[in-house]
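The lines below spell out each chain.
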Amino acid sequence: MAATPSESTPVPVTIALPQHDRILILDFGSQVTQLIARRVRESGVYCEIWPFNQADEARIKAFHPKGVILSGGPASVTENKSPRAPQSVFEMNVPVFGICYGQQTMVEQLGGKVEAGHAREFGRAYVEVTEHSTLLNGVWDKGAREQVWMSHGDRVTQLPAGFRVVGTSEGAPYAVIANDDKKFYAVQFHPEVVHTPHGAALLKNFTHGVCGCHGDWTMAAFKEEAINKIRKQVGKGKVICGLSGGVDSTVAAVLLHEAIGDQLTCIYVDTGLMRAGESDQVVNLFRDHYNIPLIHEDASEKFLNGLEGISDPEMKRKLIGTMFIEVFEMLSKRVGGADYLAQGTLYPDVIESVSFTGGPSVTIKSHHNVGGLPERMNLKLVEPLRELFKDEVRALGVELGLHPDFVKRHPFPGPGLAIRIPGEITPEKLEILRKADTVYLEEIRNAGLYDAIWQAFVVLLPVRSVGVMGDGRSYDYVCALRAVTSTDGMTADFFPFDHEFLGRVATRIINEVRGINRVTYDITSKPPGTIEWE
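Residues numbered from 1 in each chain as written. Predicted model: local features only at pLDDT ≥ 70, side-chain atom pairs only at ≥ 80, totals over all residues. Heavy atoms only, no water.

A tally of helices and strands in the protein chain yields 14 helices and 20 strands. Evaluated residue by residue, the protein chain yields a buried proportion of 59% over its 534 residues. Sequence-distant contacts in the protein chain: of pairs separated by 6 or more residues, those separated by 24 or more amount to 75%. Working note: accessible area of the protein chain is about 22100 Å², and carbon and sulfur atoms make up 49% of it. (Helix = DSSP H or I, 4+ residues; strand = E, 2+ residues; numbered from the N terminus. Buried < 20%, exposed > 50% of the residue type's maximum accessible area, 1.4 Å probe, protein only. Contact = heavy atoms within 4.5 Å. Areas by Shrake-Rupley, 256 points an atom, 1.4 Å probe, with all protein chains shown as cover.)

Rendered as structure tokens:
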């Protein structure tokens, strides 16, 4: 069913300057819509994702897209009131590319037919290329058999006038279709995911070959445009920026400082949920390397008392978000009454917390700085990285002059160790986890593996197991090691440590960390799991 945006639903703000080519992506609720944007941006083309139900004709025309991409989605076009693209999209004389559900609604809206229940295809499939097409030019040749990733239950059964079949699969006789006169193309599979090996090249064929984009959008361009956007939003107001010490908040702070100078004050709140030595590192980094005012507030007692007895992960995140805002509002008085709170919120945070800009995709979990924020607060938000992926933030950091070694640091969640202790949080558990995490990261660095891993950490489980230490019985906690590879945090796979490495880490943790007597390794990918455990 189509989602109805609430009155408070934010509308995305266009930040690209007019000279850049633009692609508009209309979101029908697919969990991988953001990957379409990644692929488009990787080819140097600026794009934005809008929910299908926030794209009226006037707004689309004002955006001046050189092409439109219709995403996948969980609905069925055979259902009443299922999502549809604005009909004006097909009347604007710009190329349109439909993906999965996007193909089906394109066909249905242009006079073809889609039926349910014919043949479900989920996972790896193969497309037989039956004809040449501009969409496939230089990527797939006529007669080739190419691997793709399918995820559909419905399928097209009749094409609209003017369309022809370009490729077929076992479960989708219209797997690739084209209307060359109107420059309308559509596929039943997902070219945006890595499981379609040549999918990025097909998307680039659409943006560059069909739409005529030049690929001139760069991180340098984003930097200048973001600075202008910050200045326009903030005016002469005062901004406080919450620092975690991680890449995201640091890049946000440096960008803000370049935009508004001494209107910015950074705040580092020690929640008591940080890793060993983290607070000293953050404070020293900003006071020694950046000429940015910094307030260091030890609020560990407030946070630990507030979380006492809380086990539910969603409640933890929301409580942490609420307490952060309470502290920020209190500290804003020290800087003469701040008007804005700046955060290093990223695109994946928004996608997982609420569908981006109010779209129809399913909420996975709240992030403390997105879904965890209280509904009423006295500070207006500035989130300059809100539409960037993690690798784009790293590139922006380099553009801003941050050292490459710093921007390669592993992500660390805003709620800190609170979401790496399933169950109730106690000072004892925090100390055990800090020591185990220090050992694990030391061994990863010693093995020269740190830069090959997206994120690595230890989780202290709410489980005790019987062990034998010396000649005595132990009954201590179990911990899980987690290490994943990824490019953007939206999908991830476990890092393939050899058993010798895992054995060495386990031995050190058990010998050096009092309170743990068993170590496991988490080999879950994302999906179905998330990177963090909570």
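Along its 20 residues, helix H13 (residues 427-446) runs 29 Å from first to last C-alpha, staying within 8% of the 28 Å computed at 1.5 Å per residue. What H13 keeps buried is the set Lys429, Leu430, Ile432, Leu433, Arg434, Ala436, Asp437, Val439, Tyr440, Leu441, Glu443 and Ile444. Residues of H13 that are buried in the fold lie against helix H8 (300-306), strand S17 (455-469), strand S18 (472-485), helix H14 (499-512) and strand S20 (516-521). Residue glycine 448 follows H13 closely and has a positive phi angle near 70°. (Expected span 1.5 Å × (residues − 1).)

Viewed as axis vectors pointing N to C, helix H6 (residues 247-260) and helix H11 (residues 390-399) meet at an angle of 45°, and their least axial separation amounts to 10 Å. Considered as vectors, H6 and H11 are oriented oblique to each other. Like other packed secondary-structure pairs, H6 and H11 cross with a definite hand, here left-handed. Within the contact between the two elements, H6 uses Val247, Asp248, Val251 and Leu255 and H11 uses Lys390, Val393, Arg394, Leu396 and Gly397. (Axes fitted to C-alpha atoms, helices over the stretch in contact; angles between N-to-C directions. Parallel < 35°, antiparallel > 145°, perpendicular 65-115°, else oblique. Left-handed = near helix turned anticlockwise from the far one by under 90°.)

Moving on to the pattern of salt bridges. If you walk through the whole model with that rule in mind, you get 22 salt bridges. In this structure, glutamate 42 engages arginine 39 in a salt bridge whose closest nitrogen and oxygen atoms are separated by 3.3 Å. Of the two residues, glutamate 42 and arginine 39 both sit in helix H1 (residues 33-42), three residues apart, roughly one turn of that helix. The closest approach of N and O atoms between arginine 508 and glutamate 443, which form a salt bridge, is 2.9 Å. With arginine 508 in helix H14 and glutamate 443 in helix H13, this residue pair connects regions lying 65 residues apart in the sequence. The class of arginine 508 is buried, set by a relative accessible area of 19%. If you follow the salt bridges from partner to partner, you end up with Glu442, Glu443, Arg504, Arg508 and Glu512 in one network. (Salt bridge = Lys/Arg side-chain N within 4 Å of Asp/Glu carboxyl O.)

Going through the model one piece at a time under the given rule, you end up with zero disulfides. Free cysteine cysteine 241: the closest other cysteine sulfur is in cysteine 266, separated by 4.7 Å. Judged by its relative accessible area of 1%, cysteine 241 falls in the buried class. (Disulfide = S-S within 2.5 Å.)

With that settled, the discussion passes to the sheet that holds strand S14 (residues 294-298). The sheet built from five strands is open, its strands ordered S14-S13-S12-S15-S16 with parallel pairing. The strands lining the two open edges of the sheet, one partner per strand, are S14 and strand S16 (380-382). In this sheet, neighbouring strand axes are inclined to one another by 30° on average, regardless of whether the strands run parallel or antiparallel. Where strand S12 (residues 239-243) lies against strand S15 (residues 340-342), three bridges are found, and the strand directions are parallel. Bridging from a neighbouring strand, cysteine 241 pairs with alanine 342 of S15. (Pairing = 2+ DSSP bridges.)

Relative to the assigned elements, histidine 20 resides in the segment before strand S1 (22-27). A distance of 2.8 Å separates polar atoms of two side chains, one belonging to histidine 20 and the other to glutamate 225. Excluding residues that lie within four positions of it along the chain, histidine 20 makes contacts with Asp216, Trp217, Ala221 and Glu225. (Polar contact = N/O pair within 3.5 Å; in protein donor to acceptor, adjacent residues only side chain to side chain.)

Further remarks concern the pairing of strand S2 (residues 46-51). Burial within S2 is extensive, with six of its six residues counted as buried. The side-chain alternation of S2 yields two buried faces, one formed by Tyr46, Glu48 and Trp50 and the other by Cys47, Ile49 and Pro51. Sheet analysis places S1 next to S2, joined by six bridges and oriented parallel. Bridge assignment links leucine 24 to a residue of S2, and that residue is glutamate 48.

Turning our eyes to something else, we now look at the packing of helix H5 (residues 219-234) against H11. The geometry of a pair of packed helices is captured by two quantities: the angle between their axes and the separation between those axes. As a packed pair, H5 and H11 sit with axes 9 Å apart at the nearest point and diverge in direction by 80°. Between H5 and H11, the crossing angle belongs to the class labelled roughly perpendicular. Across from Met219, Ala220, Phe222 and Lys223 in H5, the residues of H11 making contact are Glu392, Ala395, Leu396 and Glu399. In terms of residue class, the contact of H5 with H11 is built from five nonpolar, no polar and three charged. (Nonpolar A, V, L, I, M, F, W, Y, C, P; charged D, E, K, R; others polar.)

A few words on unusual backbone geometry. With an omega of -15°, the peptide bond running from lysine 526 to proline 527 counts as cis. On the secondary structure map, proline 527 appears in the segment after S20. Of note, the bond from proline 527 into proline 528 is cis; its omega dihedral lies within 30 degrees of zero at 15°. In this fold, proline 528 is placed in the segment after S20. Located in the positive-phi region is lysine 81, a residue other than glycine, with phi close to 65°.

This part covers H14. An ideal rise of 1.5 Å per residue puts 20 Å on 14 residues; H14 measures up with 20 Å between its terminal C-alpha atoms. For H14, the complete set of buried residues consists of Phe501, Leu502, Val505, Ala506, Arg508 and Ile509. The arc that holds every buried residue of H14, seen down its axis, measures 165°, which confines them to one face. In H14, the exposed positions that point more than 90 degrees away from the buried face belong to His499, Glu500 and Asn511. Structurally, the start of H14 carries an N-cap: the backbone nitrogen of glutamate 500 is 3.2 Å from a side-chain oxygen of aspartate 498. (Arc of directions from axis to C-beta.)

Mapped onto the elements, glutamate 57 comes out in helix H2 (residues 57-63). When its relative accessible area of 41% is taken as the criterion, glutamate 57 is described as partly exposed. Sequence spacing of glutamate 57 and valine 89 is 32 residues, and the spatial spacing of their C-alpha atoms is 7.7 Å. Of the polar contacts made by the side chain of glutamate 57, one reaches the side chain of lysine 61; its length is 2.9 Å.

Before going further, it helps to spend a moment on the confidence of the model for the protein chain. Chain-level statistics for the protein chain give a pLDDT mean of 86 and a share of 89% at 70 or above. Low pLDDT (under 50) marks residues 1-18, which in the prediction has 46 contacts with non-local residues, meaning those over four places away or in another chain. In this model, residues 354-376 is a region of pLDDT below 50 whose contacts with residues beyond four sequence positions or in other chains number 84 contacts. (pLDDT = per-residue confidence, 0-100.)

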